[in-house]
Amino acid sequence: QGLSRVDLNRTGDLLFENFSHDPNDPENSLPFNQLTVLKEMGDHLYIGSRRGLFAFNYKSQQFKDLNQSISRYRITSLEQSGATKLWGSTKKGLFSYNTKTEKFHLFDSHEELGGFIYESGASSKDKSGSLYFASKWGITKFRPALIKTNTNPAPVVITEVKKLSPKKEFISTA
């Protein structure tokens, strides 16, 4: 349980450093001991676990919980796309995380993924930049560079309002 790091830069003996969760010092310890996947990007090690996504900053030697803006999902796989995008699979769908802006975008059954439950460690990236995430029901393949986020969603228009009676029956207002 936890995470171990071997310092290969020292001459002589290897230096092992162990990280684990310390409930008495959550700010300076691993947020959770049962890890599912690791992905290194720049100065950070991104850590997927049963309790979401975390990052370890090599320079500051600090862990950061990245789950403040989303519900905690069990992370099953991570892949890098470009210099600042991390894509991951969960037991409830896919997500992208922009490491520069620290923003998540969730892709679940509402995004027509079919409610896939993705398998642990079952992802890959090919030479063209396509990402593959496998579930029990098939493989999701996409090119992250071709995904566009709709920044102007359609307006919501209320066309009718109905009131429920005490018996939970609709009462016509017309």
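Remember, predicted model here, so these are calculated numbers, not experimental data.

Scoring rules and cut-offs
Residues numbered from 1 in each chain as written. Predicted model: local features only at pLDDT ≥ 70, side-chain atom pairs only at ≥ 80, totals over all residues. Heavy atoms only, no water. Pairing = 2+ DSSP bridges. Helix = DSSP H or I, 4+ residues; strand = E, 2+ residues; numbered from the N terminus. Axes fitted to C-alpha atoms, helices over the stretch in contact; angles between N-to-C directions. Core = buried A, V, L, I, M, F, W, Y, C linked by side-chain atoms within 4.5 Å. Buried < 20%, exposed > 50% of the residue type's maximum accessible area, 1.4 Å probe, protein only. Contact = heavy atoms within 4.5 Å. Phe/Tyr/Trp six-rings, centres within 6.5 Å; stacked < 30°, edge-to-face > 60°. Polar contact = N/O pair within 3.5 Å; in protein donor to acceptor, adjacent residues only side chain to side chain.

Student: Can you lay out the sheet that holds strand β9 (residues 94-98) for me, pointing to particular residues and giving the numbers?
Tutor: In space, the four strands of this open sheet follow the order β7-β8-β9-β10, with antiparallel pairing throughout. The open sheet has two free edges, formed respectively by β7 (75-81) and β10 (103-107), since each of these has just one partner strand. In this sheet, neighbouring strand axes are inclined to one another by 20 degrees on average, regardless of whether the strands run parallel or antiparallel. Taken together, the five bridges between β9 and β10 define a ladder with antiparallel strand orientation.

Student: Before we move on, could you go through the nonpolar core and cite the residues and values that matter?
Tutor: In this structure, Val37, Met41, Tyr46, Leu53, Ala55, Leu66, Ile75, Leu78, Leu86, Phe95, Tyr97 and Phe104 together form the largest nonpolar core, which totals 12 residues. Looking at this core, the elements with two or more residues in it are β3 (35-41), β5 (52-57), β7 and β9. Excluding residues within four positions of it along the chain, Leu78 makes contact with Val37, Lys39, Tyr46, Gly48, Leu53, Leu86, Trp87, Gly88, Phe95 and Ser123. Core analysis: the second largest hydrophobic core is formed by nine residues, Leu3, Phe32, Leu45 and Ile47 among them.

Student: So what's going on with the packing of aromatic side chains? Residues and values would help.
Tutor: Per the stated rule, a full pass over the model turns up 11 aromatic pairs. Taken together, the ring pairs in this structure connect Trp87, Phe107, Tyr118, Phe133 and Phe142 into an aromatic cluster.

Student: I'd love a proper account of unusual backbone geometry, names of residues and values included.
Tutor: Phi is positive for Gln61, which is not a glycine, with a value near 60 degrees. Checked against the element boundaries, Gln61 lands in the loop between β5 and β6 (62-65). Even without glycine at this site, Glu102 takes up a positive phi of about 60 degrees. Locating Glu102 in the fold gives a position in the loop between β9 and β10. Judged by its relative accessible area of 42%, Glu102 falls in the partly exposed class.

Student: Let's hear about the environment of Asp126: which residues, and what values?
Tutor: Along the chain, the position of Asp126 falls in the loop between β11 (118-125) and β12 (131-135). A sequence separation of 17 residues divides Asp126 from Arg143, and the C-alpha atoms of the two residues are 9.9 Å apart. Within the structure, the side chain of Asp126 is placed 3.0 Å from the backbone nitrogen of Ser130, a separation counted as a polar contact.

Student: Describe the pairing of β12, with residues and values.
Tutor: Looking down a regular strand, the side chains alternate between one sheet face and the other. By the alternation rule, side chains of β12 split into Leu131, Phe133 and Ser135, which are all buried, and Tyr132 and Ala134, of which none is buried. Of the pairings in the sheet, the one linking β11 to β12 comprises four bridges and is antiparallel in character. Paired with Tyr118 across the two strands is Ser135, which belongs to β12. Where β11 hands over to β12, the hairpin turn is made up of five residues, of which Gly129 adopts a positive phi near 95 degrees. Inspection of the sheet shows β12 paired to strand β13 (residues 138-142) by five bridges, in the antiparallel sense. Bridge pairing in β13 places Tyr132 opposite Lys141. Between β12 and β13, which pair antiparallel and follow one another directly, the connecting turn spans two residues.

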